[in-house]
Amino acid sequence: MAKCSTTRHFFNLTSLQIGDLQSYLSDLSLFLAPDSKTFYVLVDNRPWLEDLVSRPAHLWQLMVTKSRMSPFAIRRARNDDRKETPNYSELNFYSKTPTPSENLRRWFLVIDAATLSKKRALLPVEKLRSSLISNSKLHRTLYGFIVFEVAWKDVRGINYLNELQTDTSLAIEAKHMRRWEFDSISQAAKGIHSWFPGTPRECFLLKQQLRSMLNVNVETDSQNDSEEIYEATQYRDSLLLFRFNDRNLPFELQDVITSDLRLLTLLEAGLPSWVIFCQSYPVFCQIYRPWMCPFARILYVAISFVTVVIGFYDLYKNIPLLKATAARLCGPLFNWIETWEMVSRIKYLGTMLFLHNSEKAVKWFLMMTCTVQSYVSVLINPLSPPLMAVLEVLLPIWNIFLQTGEYFFSFVWILMATFWSTIENLIDIILFPVYFISSVIWVIATAILYPIFWFLWGIIYAPIRLVIGLSNFVGFIFNHMYNFSGIIWLFVSGIFKVASNAESTVDEVSMWRALWNDLFSQIFRAVRSILNGFVAFFTACNRHRLSIYNHLQELIRRLNQPPERSRLLYSIQRAKKSGSKTLAEVRDGRRGLVAKKISSLKGKKKFSAEEKSDLDDLVLLMGSVKFLGNKGDRSTTDDATEAKASDSKTPLRSVDCSPDPPSHPSPPIKPSLPSSPIPISLSLSLSLSLPVSTMATHLSYSICLLLLAIFSLADGGSIGVNYGRIAGDLPSASKVVKLLKSQGINRVKVYDTDPAVLRSLSGSGIKVTVNLPNELLYAAARRQSFAYKWVQRNVMAYYPHTQIEAIAVGNEVFVDPKNTTGFLVPAIKNIHQALVKYNLDSNIKLSSPVALSALQNSYPSSAGSFRPELIESVFKPMFQFLRETGSYLMVNAYPFFAYESNSDVISLDYSLFRENPGVPDAGNGLRYFNLFDAQIDAVFAAMSALKYDDIPLVVSETGWPSKGDDNEIGASVENAAAYNGNLIKRILTGGGTPLRPKANLTVFLFALFNENKKTGPVSERNYGLFYPNMEKVYNIPFTVDDLKNYRDETSPATGGGNVGQVRVSTPVKGGGNGSGHSWCVAKDVGKDKLQSGLDFACGEGRADCRQIQPGSTCYDPNTLQAHASFAFNSYYQKMGRAAGACYFGGAAYVVTQPPRFGKCEFPTGY
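Here is a short report on the structure shown in this document.

Calculation criteria
Residues numbered from 1 in each chain as written. Predicted model: local features only at pLDDT ≥ 70, side-chain atom pairs only at ≥ 80, totals over all residues. Heavy atoms only, no water. Core = buried A, V, L, I, M, F, W, Y, C linked by side-chain atoms within 4.5 Å. Buried < 20%, exposed > 50% of the residue type's maximum accessible area, 1.4 Å probe, protein only. Helix = DSSP H or I, 4+ residues; strand = E, 2+ residues; numbered from the N terminus. Contact = heavy atoms within 4.5 Å. Disulfide = S-S within 2.5 Å. Phe/Tyr/Trp six-rings, centres within 6.5 Å; stacked < 30°, edge-to-face > 60°. Lys NZ or Arg CZ within 6 Å of the ring centre and 35° of its normal. Axes fitted to C-alpha atoms, helices over the stretch in contact; angles between N-to-C directions. Parallel < 35°, antiparallel > 145°, perpendicular 65-115°, else oblique. Left-handed = near helix turned anticlockwise from the far one by under 90°. Nonpolar A, V, L, I, M, F, W, Y, C, P; charged D, E, K, R; others polar. Expected span 1.5 Å × (residues − 1).

**Let's talk about the nonpolar core**
The biggest cluster of nonpolar side chains holds 110 residues, and the ones touching the most others in it are Ile807, Phe875, Met878 and Phe879. Of the residues forming this core, the biggest block, 9 residues, is contributed by helix H32 (residues 931–945). If sequence neighbours within four positions are ignored, Phe875 has contacts with Phe814, Val850, Ala854, Phe866, Leu870 and Leu946. Membership of the second largest hydrophobic core comes to 31 residues, among which are Ile18, Trp152, Leu170 and Leu240.

**Let's talk about the state of the cysteines**
Under the definition given, this model contains 3 disulfides. In this model, Cys1098 is linked to Cys1105 through a disulfide, with the two sulfur atoms separated by 2.0 Å. The disulfide joining Cys1098 to Cys1105 has a torsion of about -95° about its S-S bond and is therefore left-handed.

**Let's talk about unusual backbone geometry**
Here the bond from Tyr859 into Pro860 is cis, since omega is -10°, no more than 30 degrees from zero. Tracing the backbone shows Pro860 in the loop between strand S16 (855–857) and strand S17 (865–866). For the bond running from Phe1006 to Ala1007, omega is 5°, close enough to zero to count as cis. Relative to the helices and strands, Ala1007 is located in the loop between strand S22 (1002–1005) and strand S23 (1079–1082). The backbone of Lys37 shows a phi angle near 55°, a positive value even though the residue is not glycine.

**Quick look at the packing of aromatic side chains**
Aromatic ring pairs are defined here through the distance separating the ring centres and the angle between the ring planes. Taken as a whole and assessed by the stated rule, the structure comprises 39 aromatic pairs. Aromatic pair Phe277 and Phe284: ring centres 5.1 Å apart, planes at 50°, arrangement tilted. Classification of Phe284 by relative accessible area gives partly exposed; the value is 37%. A cation over a ring is seen here: Arg725 above Tyr723, with NZ or CZ 5.7 Å from the ring centre.

**Examining the packing of helix H28 (residues 824–837) against helix H29 (residues 868–885)**
Running from N to C, H28 and H29 point in directions that differ by 20°, and their axes come no closer than 9 Å. On the basis of their axis angle, the class for H28 and H29 is roughly parallel. Pair H28 / H29 crosses with left-handed handedness. Taken together, the residues of H29 that come into contact with H28 (itself represented by Leu824, Val825, Ile828, Lys829 and His832) are Val874, Pro877, Met878, Phe881 and Thr885. Split into classes, the residues belonging to the contact of H28 with H29 amount to 7 nonpolar, 2 polar and 1 charged.

**Focus: helix H6 (residues 200–214)**
Taking 1.5 Å per residue as the helical rise, H6 with its 15 residues ought to reach 21 Å, and the 21 Å between its terminal C-alpha atoms agrees with that figure. All of the buried residues along H6 are Arg201, Glu202, Cys203, Leu206, Lys207, Gln209, Leu210, Met213 and Leu214. Asn215 occupies a position one or two residues after H6 and carries a positive phi of about 65°.

Following this line, the structure appears as structure tokens:
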């Protein structure tokens, strides 16, 4: 007996999709034809008749098959009017098929009857009770055997994906595909040589596979007098999506693909995700065309080339030496470019002038229209009374009708008033005794009991008043001492400030330094554009390194073909051309050539160019030796069959594909070298005989490209947006998702779990952070069952199709007026237990956004610390939880608030990431060049003080308003565009803060849209990046590619002053001295929020609230807003007007004019 080959050719598939239609319930297998360089997909539809009751997919696939003609359905059954019923003996393979239910059977028969609407008659009622198998036309559509054939030479694209814990997927885009359909597997096996186009060996293998699928022997074709011809259906531009879990199939595919340079190139290029998406869905598959993918690649190359050209042009403009050299070499060309640029600018200015004049013309037209309208109204008004008189004369019936209606309604009104007065008198009579008794009791209580109670209270309260008076006196003394020391300190600091200003006037190099910085930045941008283009080129080369290497080797081999190499391959070529030699003789000849060549190369340490070329030929030879040597089970028989076929010149279809077992097999020869044609694999396989330098030459090329890709494409941080919806004119959630994808935004944070939003984000690839509102913290902390239900309804229902990556538990809980701080950590732990229950704890992180008001001290950054009352109760247990679960801390950082409150000491350039001298931190020796880094490092320092410096940080909110009230300093479109644009540039280009330089930050911008229903100042409604009509408020980049063309519109300030900030209102007389004082006052946000802020300021905040007590100077006006404003300002001034000190949960804001409430004067310092 011959030894069977260990090479497999048939592999099971888990799913198959052709275009936008998928096979749901079929048995699928893949046949890799070993000789003809094709592959076949075998679709067995017998599982359709198994377990009809429990599979709702039957009804769905049936409706698709009937309406759109699926490629997995038998078409001949619909077009054939023959009455023969196919043989369903193969149903014995599924012996456990249950009886279908009556309802499902009726649905199938009714749908089939709809397809036979040409006869205008439904099926009889008696047939509804018959078996489903009796309807032959229906089952000939759903039941049968289908074969798809694709040649590897027709493959246009390959995409291979192998993710952890999932099936391996393979996408193949083919130019041509053929399809055969049969009523049964036995029919396909009996007539296999009338339709199968492969070699006899492949025919034999396929027939054996069909027999194994049936578990019976198939009769030969001699029983049929006439042979049926099976026509193949042709498909063009088809996409095939396979899924499989066979561990051997990837290795077989590797042998097939790596043996063909074209297929290897296609695999390295891959299919873009949008190509697979467009061909996999019903609507988009009609839009997609094959030329779109090459066009997109050409467009990408063109854009990269243009980027490099622009970079060189920037260098030409900004370097005088380079400009002079280029002008000498290519003077006319560069003169033409500069002329074209100047003409383009003039045309642009002319266009803008035309638009401006057009606007004036439109305004003039509207003004004239209003004038004409007023003249017309003056002419028409005198004619209106005569017209009304005519109408009254012509319509007397209408007047009578109106009078009648008036009389009727007046009568009804009088009747109702009389009835109501009667009821009111009855109520007074009934309730009079109750009112008399209650009034007597009230008189007794107020005349007797109240004086006694007041006398006792005075006796008890007298010692307390004495103590309070003494403490007030002591506080008054200390307050005056503090004010006196403050005056002395201001006087001394003023002297030093004058001295420092005098020193700064001596410095004369600031102008030259600014000029150098500006020139250097432009040159740096030009060089970066050039490097980006070259990085894209080398990245593509790295992706195609194997195919490029093989193409170069093949080109060198053709150019420098030595004579010895030609003699080495000559015998093989001659054996292929002549039909006299068998395959066994060719195989033996190749073995001899290989053995001879290896013996001649053995022991050598260095190789010449010819010998290196021969090594590559040995790989090709060993591939053929391995192919012939591993086929020992059929060597003699195949040689004889092939010789017989060549002598008789019989067509391939008439050759018998079931040969007898071989009698004298040749033993298989195991080659000493692998069969891969890739020279890198050759050098690794011959490591024992080749010197180390040869291996290093091949490996160093791949390692250099890999390192270049790693260092050139280093990732920076990540940018997301906050999607708030407190507005009445926002677009739908589906439109918002399209907007996010069009801008390249791949992260979004929402403030609830709205089903419409989460469903729209499903399948979008956008990572989502959802929020558990503060109102639900109590329930989530007290009841574990509530946490289970909340996670199940708001997370499990959408995950993983909606990529929920984190849950924000609460939002700025520490400044919440409802004081839900105590419920925060228990709520986080209960939500985490719910995630553990549903196995989501490793994929979804938990945290809680914290405002900077949770810091006791934020300046300087090295002295950052949390509020003492929150450390033990909240921060330490929460940080311990974040460390154990590998999560991160969410922080809401707004440099705008700090700048608005301290614009007299904070530079606008420092706040907007522009060039500035920087602010040194004496505590850690670092220098900060923007306020954002300083705020973040203050949080890092506070965490380090608690020994939790290993927890990462995510900025969950930050932004800058594009519009504000007159007293909101810095709120403008220009400043908002500069802050957000420079922040995105700062994050995406990588690097952490000065204190944590390796911490790449994830930042969520606030917010996506302007929200017109928010309360408070104007700025609260103008943080959006987009208007509700989805137009940009200002143009900023969102991706790394967009950064190439981004520049801050406002040039950086040279002196570090407040360049570009809005005008500060001048204080009125008596309230300020024009030195930049600011005050904190309350907003009109409701009684609950104001009362909560007032309690905090006068309690934990230790504000001076004596002036708003009864009888004091600032008690009047006795309103909650006036008292809260005084307390807020006292706390704000005590905190040194620090950033975030005037917030109080959004109940306060900073003003630059002294507020007035009655005769009360607000202080500016304590």
